Amino acid sequence: MKKVLTLTILCSLALVGKAQGVLSLDSCRALALANNKDLLISNEKINAAHYQRKAAFTNYLPSISATGAYMRNQKEFSLLNDGQKAALSGLGTNLAGPIGEVATKIVTEYPDLAPFVSSLSGKLGAVLPELDKTGSSIVDAFRTDTRNVYAGAITLTQPLYMGGKIRAYNKITKYAEELAQQQHQSGKQEVIMSTDQAYWQVISLVNKKKLAEGYLKLLQQLDSDVEKMITEGVATKADGLSVRVKVNEAEMTLTKVEDGLSLARMLLCQLCGIDLSSPITLADENMNDIPLMTPDTHFDMNTAYANRPEIRSLELATQIYGQKVNVTRAEYLPSIALMGNYITTNPSVFNSFENKFKGMWNVGVMVQVPIWNWGQGFYKTKAAKAEARIAQYQLQDAKEKIELQVNQAAFKVNEANKKLTMASKNMEKADENLRYAVLGFKEGVIATSNVLEAQTAWLSAQSEKIDSQIDVKLTQIYLKKSLGTLR
């Protein structure tokens, strides 16, 4: 709900900005944050890391899988050899010969038993064909019919102990999600800073354009006055040519400022996701003096370390590499898992060979113990520890550089404020100098060259004042970013 509300507000800002063409600094920031492609990508990275963490948690839970197979065999398995099959198939026929020989011997030795033997032989002769059929049935009963084989299994696996791998992997994904969030926050600060730079660049060029237009108007008025004085004979043509050169230079300067302003507006539009040709006006364009806040250059480095996304990112990277050591070590520790199966086959063998699906379940514990790997686990663990130490050194190096960066930013804030104070004093002197020069020129006691020098000095002082004001704004932004408080 919160994300939807935020998106609605940003869309409203975009519509208002495009409809009215007037953008404040806050609305420019909001549009830039909403339309920046890198931030959209980093937001998707947060989503990916979030789902990876959820996927890692499932390793604690039992997994169920199903497997099915079919196989066509060229020949079927046989429990009887060819001789046994032949003997059983001709069982009656094979017995007829030996029975006849025995009957003949009995009749020969005992003639009195001839009628009995004859009667018995007749009865056996009737029974022997049935024995052939019975033998054939026995052979058929021993057929396996395994040319078409079907098999299926449902397996349940519950990890019991994996050497700490699952726990370490869950911590890694948790840290990775937070790392993606910190990188997103760092990207937001970069976008805000870039937007502020572009915004105040436009304000600076707008003021310089006004300055250039005023300067050109002043020179044009001076050119008109000099022309009149030349007509009256109180000024020379050389004075007129000097003024016209300055007029041409002012026109060229105005053209450059207008071109630079157009490009600066296009850059701001690109950052805000607005069409480059859209006419936009900034809320601070009509300010003659940019309002400045008294800078606070006092800072606590521990607060800066806590606020900087880069430091938190490196801390998370250090923790991730520490858990990778555990993952690497777990690869060479015993692992234990509980397993359960239900297996079914066709033909089944639980009641001789039957062409029916029948199955059974089984439960067991699987233990895997690495015995010898020529020190591979030891070496890989050492390598993982070395990578963890590299991350720690990078964190220490980043803290040292951030401390230097914060001190430099604070120094630049103080320096920018000093320059602004000096530029304001120079502006006051340039105003006074120009006023005296114009008044003296009208009274005829100051030469044209002196007026041009005073005007040039006034233009330079005014331009330096504008640059100093913008510089103060930007150095304050740089200080906030270095402290991690830019929001």
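What you see as residue numbers is a count from 1 along each chain, following the sequence as written. Local features are withheld for residues below a pLDDT of 70 in this predicted model, meaning they are given only at 70 or higher, and side-chain atom pairs are given and counted only at 80 or more; totals for whole chains, interfaces and linings count all residues. Side-chain numbers here rest on the full set of heavy atoms in the structure, without hydrogens or water.

Novice: What should I look at first to understand the overall build of the chain in this one?
Specialist: Helix and strand labels come from DSSP, where a helix needs a run of H or I of at least four residues and a strand needs a run of E of at least two; each type is numbered from the N terminus. Broken down by element type, the chain carries 12 helices and six strands. The cut-offs for exposure are 20% and 50% of the maximum accessible area for each residue type, with area from a 1.4 Å probe on protein chains only; residues under the lower value are buried, those over the upper are exposed, and the others partly exposed. The proportion of buried residues among the 487 residues of the chain is 33%. By definition, residues are in contact when any of their heavy atoms lie within 4.5 Å. Considering only residue pairs separated by 6 or more positions, the chain has 83% of its internal contacts joining residues 24 or more positions apart. What sets the accessible areas is the Shrake-Rupley method with a 1.4 Å probe; for residues, cover comes only from the shown protein chains. Within the structure as shown, the chain displays about 29,700 Å² of accessible surface, and the carbon and sulfur contribution to it stands at 58%.

Novice: Can you help me understand the pairing of strand β2 (residues 63-72) in this one?
Specialist: Sheet faces and side chains relate simply in a regular strand, where the side chains alternate between the two faces. Among the 10 residues of β2, zero are classified as buried, and the element is accordingly described as predominantly exposed. Alignment of β2 against strand β3 (residues 148-161), held across 10 bridges, turns out to be antiparallel. Pairing of Arg72 across the sheet is with Asn148, part of β3. At least two DSSP bridges between two strands are needed for those strands to be called paired.

Novice: What is the right way to look at the pairing of strand β5 (residues 335-346) in this model?
Specialist: Across 11 bridges, the pairing between β3 and β5 is antiparallel. Bridge assignment links Ala153 to a residue of β5, and that residue is Ile343. Bridge count for β5 against strand β6 (residues 358-368) is 11 bridges, and the pairing is antiparallel. Note that in β6 the partner of Thr345 across the bridge is Lys358.

Novice: How should I be thinking about the confidence of the model for the chain in this particular structure?
Specialist: Interpreting fine coordinate detail is not advised for predicted regions of low pLDDT. pLDDT expresses, on a scale from 0 to 100, how confident the predictor is about each individual residue. Across the chain, the average pLDDT comes to 82, with 80% of residues at or above 70. Residue range residues 1-20 is modelled with pLDDT below 50. Its contacts to residues more than four positions away, or to other chains, number 12 contacts.

Novice: Please explain the packing of aromatic side chains as it appears in this structure.
Specialist: Two aromatic rings are characterised by how far apart their centres lie and by the angle between their planes. Pairing of aromatic side chains here covers Phe, Tyr and the six-membered ring of Trp, requires ring centres within 6.5 Å, and sorts the geometry by plane angle: under 30 degrees stacked, over 60 edge-to-face, intermediate tilted. This structure, assessed with the given rule, holds six aromatic pairs. Judged by centre distance (5.0 Å) and plane angle (40 degrees), the ring pair of Tyr70 and Tyr150 falls under tilted. With Tyr70 in strand β2 and Tyr150 in strand β3, this residue pair connects regions lying 80 residues apart in the sequence. When the ring of Tyr199 is compared with that of Trp200, the centres are 5.2 Å apart and the planes differ by 85 degrees; the resulting orientation is edge-to-face. The burial state of Tyr199 is the same as that of Trp200; both residues are buried. Counting every residue linked through ring pairs, the aromatic cluster contains Tyr70, Tyr150 and Phe357.

Novice: Can you help me understand the packing of helix α11 (residues 376-443) against helix α12 (residues 448-483) in this one?
Specialist: In helix packing, the relevant descriptors are the interaxial angle and the interaxial distance, both defined with respect to the helix axes. Geometry is summarised by axes, namely lines fitted to C-alpha atoms with helices restricted to the contacting stretch, and by angles between N-to-C directions that run from 0 to 180 degrees. Where α11 contacts α12, the two axes come as close as 7 Å, and the packing angle between them is 160 degrees. Relative to α12, the element α11 lies roughly antiparallel. Relative to α12, the crossing made by α11 is left-handed. Angles are sorted into four bins: roughly parallel if under 35 degrees, roughly antiparallel if over 145, roughly perpendicular if 65 to 115, and oblique for all others. Working rule for handedness: look at the near helix, and if it is turned counterclockwise from the far one by less than a right angle, call the crossing left-handed; if clockwise, right-handed.

Novice: Can you walk me through the nonpolar core in this structure?
Specialist: Side chains of a nonpolar character, in soluble globular proteins, are inclined to be buried together. Among the nonpolar cores identified, the biggest contains 25 residues, and Leu23, Cys28, Tyr199, Trp200, Val202, Leu268 and Leu282 are the most heavily contacted of them. Looking at this core, the elements with two or more residues in it are α2 (25-35), α7 (165-232), α8 (237-272) and α12. To qualify as a nonpolar core, a set must consist of buried Ala, Val, Leu, Ile, Met, Phe, Trp, Tyr and Cys residues joined through side-chain atoms within 4.5 Å.

Novice: What is the right way to look at the sheet that holds β6 in this model?
Specialist: In a beta sheet, neighbouring strands pair by backbone hydrogen bonds and run either parallel or antiparallel. Overall, antiparallel pairing links the four strands, which are arranged β2-β3-β5-β6 in an open sheet. Both outer strands of the open sheet, β2 and β6, are each paired with one neighbouring strand and no more. Across the sheet, the mean angle from the axis of one strand to that of its neighbour is 20 degrees, orientation sign disregarded.

Novice: Sorry if this is basic, but what is going on with helix α3 (residues 37-57) here?
Specialist: Along an α-helix, residues three or four apart share an orientation, since each turn contains 3.6 residues. A rise of 1.5 Å per residue sets the reference length of α3, with its 21 residues, at 30 Å; its end C-alpha atoms lie 31 Å apart and thus fit the reference within 8%. If you check which residues of α3 are buried, you get Leu39, Ser42, Ile46, Ala49 and Ala56. On an axial view of α3, the arc spanned by its buried residues comes to 90 degrees, and they lie on one face. Relative to its buried face, α3 has exposed residues pointing more than 90 degrees away, namely Lys37 and Tyr51. Its buried side turned inward, α3 meets α2 and α7. Here a helix's expected span is defined as the number of its residues, less one, multiplied by 1.5 Å. Think of it as the arc spanned by the lines of direction from the helix axis to the C-beta atoms.

Novice: Looking at this structure, I do not really get a positive patch on the surface. What am I missing?
Specialist: Each patch is built from residues lacking any salt bridge and having more than 30% relative accessible area; the joining distance is 9 Å for like charges and 5 Å for nonpolar side chains (Val, Leu, Ile, Met, Phe, Trp, Tyr). Salt bridges, as used here, are contacts in which a Lys or Arg side-chain nitrogen is within 4 Å of a carboxyl oxygen on Asp or Glu. Charge assignment in this entry is limited to Lys and Arg as positive and Asp and Glu as negative, and neither His nor the chain termini are counted. Every charge is mapped onto a representative atom, which is NZ of Lys, CZ of Arg, CG of Asp or CD of Glu. A surface patch of like charges, here positive, comprises Arg329, Lys382, Lys385 and Arg389. Ranked by residue count, the leading element in the positive patch is α11, at three residues. Looking at where Arg329 falls in the secondary structure, it is placed in helix α10 (residues 309-330). For Arg329, a relative accessible area of 33% puts it in the partly exposed group.

Novice: Explanation requested: the side chain of Glu177 in the structure shown.
Specialist: On the secondary structure map, Glu177 appears in helix α7. A polar side-chain atom of Glu177 sits 2.5 Å from a polar atom in the side chain of Arg53. Ignoring sequence-local partners within four residues, the contact set of Glu177 consists of Ile46, Ala49, His50 and Arg53. N or O atoms closer than or at 3.5 Å make up a polar contact, with two conditions inside protein: a donor-capable atom paired with an acceptor-capable one, and, for residues adjacent in sequence, both atoms drawn from side chains.

Novice: Would you mind showing me how to read the pattern of salt bridges here?
Specialist: If the charged atoms of two oppositely charged side chains come close together, the side chains can form a pair. By the definition in use, this model includes 14 salt bridges. Two residues, Arg244 and Glu227, come together in a salt bridge whose shortest N-O distance is 1.9 Å. Of this pair, Arg244 sits in helix α8 while Glu227 sits in helix α7; the two residues are 17 residues apart in sequence, bridging distant segments of the chain. By relative accessible area, Arg244 is classed as partly exposed at 34%. With a closest N to O distance of 2.9 Å, Arg308 and Glu310 form a salt bridge.

Novice: What is the right way to look at the packing of α7 against α8 in this model?
Specialist: Interhelical geometry of α7 versus α8 gives an angle of 160 degrees and a closest axis separation of 8 Å. By the angle class used here, α7 and α8 are roughly antiparallel. When you trace α7 past α8, the crossing you get is left-handed. Three residue categories are used. Nonpolar comprises Ala, Val, Leu, Ile, Met, Phe, Trp, Tyr, Cys and Pro, charged comprises Asp, Glu, Lys and Arg, and polar comprises the others, including Gly. In terms of residue class, the contact of α7 with α8 is made up of 22 nonpolar, six polar and 12 charged.

Novice: What is the right way to read the environment of Val202 from this model?
Specialist: Summarising the element assignment, Val202 is placed in helix α7. With a relative accessible area of 1%, Val202 lands in the buried category. When the C-alpha atoms of Val202 and Arg265 are compared, they prove to be 6.3 Å apart, with 63 residues separating the residues in sequence. In this structure Val202 touches Leu261, Ala264, Arg265, Leu268, Leu282 and Glu285, once residues within four positions along its chain are discounted.

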